[in-house]
Amino acid sequence: MNIETIFAFDFGVKRIGVAMGNTMIRQAEPVKVIAAVDNATRFADIAALLDEWKPARLVVGLPMHPDGAEHEMTARARKFANQLHGRFSLPVELVDERYSSAVIAAKRGEVIDDRAAAIILQQYFDTH
């Protein structure tokens, strides 16, 4: 059995949550929150993580309206997924993240992006 490390991203304009897991344990864990100052910094931080952990594939949460309709952030998340694939030559899969942040109990102002990424990755594991 080939065990793969998988990274997941909860894309946001200001922050990107990152989580990881592997295909043996199938348990997602929050890794970090990247403050997305600019594209160069954002992708340098991602490159460092990918270089350290060497994931086999990436998962990106795809935000949508509750009825499944796309909105501005849907297009931005798709673009981010395409950029990840283009820059790092890894397979990238999109996962519906409609309720990922809603299931996290958080205090006002608390940064939860990494936990949201873990929920996205767990959804991926649960459906694959």
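Reading guide: rules and limits
Residues numbered from 1 in each chain as written. Predicted model: local features only at pLDDT ≥ 70, side-chain atom pairs only at ≥ 80, totals over all residues. Heavy atoms only, no water. Salt bridge = Lys/Arg side-chain N within 4 Å of Asp/Glu carboxyl O. Helix = DSSP H or I, 4+ residues; strand = E, 2+ residues; numbered from the N terminus. Buried < 20%, exposed > 50% of the residue type's maximum accessible area, 1.4 Å probe, protein only. Core = buried A, V, L, I, M, F, W, Y, C linked by side-chain atoms within 4.5 Å. Contact = heavy atoms within 4.5 Å.

*Asks:* It is not clear to me how the pattern of salt bridges should be interpreted in this structure. Could you clarify?
*Replies:* Across all of its chains, the model carries six salt bridges by this definition. Residue Arg 15 is joined to Asp 113 by a salt bridge in which the shortest nitrogen-to-oxygen separation is 2.7 Å. Of this pair, Arg 15 sits in strand β2 (residues 15-22) while Asp 113 sits in helix α3 (residues 113-127); the two residues are 98 residues apart in sequence, bridging distant segments of the chain. In this structure, the salt-bridge partner of Glu 70 is Arg 78, at a minimum N-O distance of 2.5 Å. Residue classification places Glu 70 among the partly exposed positions, given a relative accessible area of 46%.

*Asks:* Looking at this structure, how should I read the nonpolar core?
*Replies:* Across soluble globular proteins, you tend to see nonpolar side chains buried next to one another. In this structure, Phe 7, Phe 9, Ile 46, Leu 58, Val 60, Phe 80 and Leu 84 are the most contacted members of the largest nonpolar core, which totals 20 residues. At the level of elements, β1 (5-10), β2, α1 (39-53), β4 (57-62) and α2 (72-88) are the ones that each hand at least two residues to this core. If we skip the residues at most four places from it in the chain, Ile 46 touches Phe 9, Ile 34, Phe 80, Leu 84 and Phe 88. Of all hydrophobic cores here, the second largest spans 12 residues; its members include Ala 8, Ala 28, Ala 117 and Ala 118.

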